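Residues per chain are reported as follows:
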Amino acid sequence: AQSVTQLGSHVSVSEGALVLLRCNYSSSVPPYLFWYVQYPNQGLQLLLKYTSAATLVKGINGFEAEFKKSETSFHLTKPSAHMSDAAEYFCAVRRRSGGYQKVTFGIGTKLQVIP
Amino acid sequence: KAGVTQTPRYLIKTRGQQVTLSCSPISGHRSVSWYQQTPGQGLQFLFEYFSETQRNKGNFPGRFSGRQFSNSRSEMNVSTLELGDSALYLCASSYQATSGPYEQYFGPGTRLTVT
């Protein structure tokens, strides 16, 4: 069975501080991994994706994530938080299952940025 | 390219009624997935359609159904509405359903309130 675990349903950081949102997955084979962001009353927007081409993936808005197979992790980071980063972030795993692609989302992490 | 559009954006229904939600994917995308998002359960997969065929289905009762038309537009129907069906319903489209890491592009969602 495949699952995605996001540690910390709420994370608070000060403006200008490092953002670290954690994601661990369980899968028998390396899957495709994604981070999405959701602003209030909006759909999800893709931040970045891991497709096995490179372990360090750079995304939009200054975010990046590193795939670590040994730790089955795909944590999202940003060196300096901005007020506009306040949103909910979802980690997702996409893996081939029964001939089709199956996507599993984590429960989400709400990021609060304190001025 | 226009993004994923969902109509209506907001809907209020009473228990026992039925509702139909519509989703128009990005031009050229043939895969459409539906998700239910609630504060307690997060994002839960409903079903996925590809070229008018249901390819994947989540663990929802038969009251939830969907279909996809030849132009890839999709509709989702919920019959005999229950209070617990109140949620944000998200539609996502992607280029391909059977292979590749193709990311999903989400619409803004339909906020359904059941009273």
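Before reading on, note that the structure itself is shown above.
Reading guide: rules and limits
Residues numbered from 1 in each chain as written. Chains lettered and ligands numbered in written order. Predicted model: local features only at pLDDT ≥ 70, side-chain atom pairs only at ≥ 80, totals over all residues. Heavy atoms only, no water. Helix = DSSP H or I, 4+ residues; strand = E, 2+ residues; numbered from the N terminus. Rg over C-alpha atoms; globule rule 2.2 N^0.38 Å. Buried < 20%, exposed > 50% of the residue type's maximum accessible area, 1.4 Å probe, protein only. Contact = heavy atoms within 4.5 Å. Areas by Shrake-Rupley, 256 points an atom, 1.4 Å probe, with all protein chains shown as cover. Lys, Arg positive; Asp, Glu negative; His and termini not counted. Charge placed at Lys NZ, Arg CZ, Asp CG, Glu CD. Pairing = 2+ DSSP bridges. Phe/Tyr/Trp six-rings, centres within 6.5 Å; stacked < 30°, edge-to-face > 60°. Disulfide = S-S within 2.5 Å.

A. Layout of the overall build of chain A. For chain A, the count of helices and strands is zero helices and 11 strands. Reading the secondary structure of chain A in the N-to-C direction produces β-β-β-β-β-β-β-β-β-β-β. Expected size for 115 residues packed as a compact globule is a radius of gyration near 13 Å; at 14 Å, chain A falls within 12% of this value. Along the first, second and third principal axes, the C-alpha set of chain A runs to 45 × 30 × 20 Å. Looking at chain A as a whole, 43% of its 115 residues are labelled buried. Across chain A, contacts joining residues at least 24 apart in sequence account for 56% of those joining residues at least 6 apart. Counting only carbon and sulfur atoms, one obtains 52% of the accessible surface of chain A, whose full area is about 5500 Å². Taken as two groups, the 11 positive and 6 negative side-chain charges of chain A have centres that lie 13 Å from each other.

B. Spatial organisation of the pairing of strand E8 (residues 74–78) of chain B. Residues and elements named next belong to chain B. Along E8, five of the five residues are buried, which leaves the element largely enclosed by surrounding structure. Alternating positions in E8 separate into two faces, Ser-74, Met-76 and Val-78 on one and Glu-75 and Asn-77 on the other, with burial throughout. Direction of pairing for strand E3 (residues 19–24) relative to E8: antiparallel, over a ladder of five bridges. Along E8, the bridge assignment pairs Val-19 with Val-78. With antiparallel pairing between neighbouring strands as the criterion, strand E7 (residues 64–68) and E8 make up a hairpin whose turn holds five residues, including Ser-72 at a positive phi of roughly 75 degrees.

C. Expanded view of the packing of aromatic side chains. Enumeration according to the criterion identifies 13 aromatic pairs over all chains in this entry. Ring geometry for A:Phe105 against B:Tyr35: centres 5.3 Å apart, planes inclined by 85 degrees, an arrangement best described as edge-to-face. You can see A:Phe105 sitting in strand E10 (residues 100–105) and its partner B:Tyr35 sitting in strand E4 (residues 31–38), one on each of two chains. Judged by relative accessible area, A:Phe105 falls into the buried class, the value being 9%.

D. View of the state of the cysteines. Residue and element names in this part refer to chain B. Counted according to the given criterion, the structure contains two disulfides over all chains. In this model Cys-23 forms its disulfide with Cys-91; the gap between the sulfur atoms is 1.7 Å. Looking down the S-S bond of the Cys-23 and Cys-91 bridge, the torsion is -50 degrees, so its handedness is left-handed. With a gap of 68 residues between them, Cys-23 in strand E3 and Cys-91 in strand E9 (residues 87–94) connect regions that are remote in the sequence. Given the relative accessible area of 0%, Cys-23 is considered buried.

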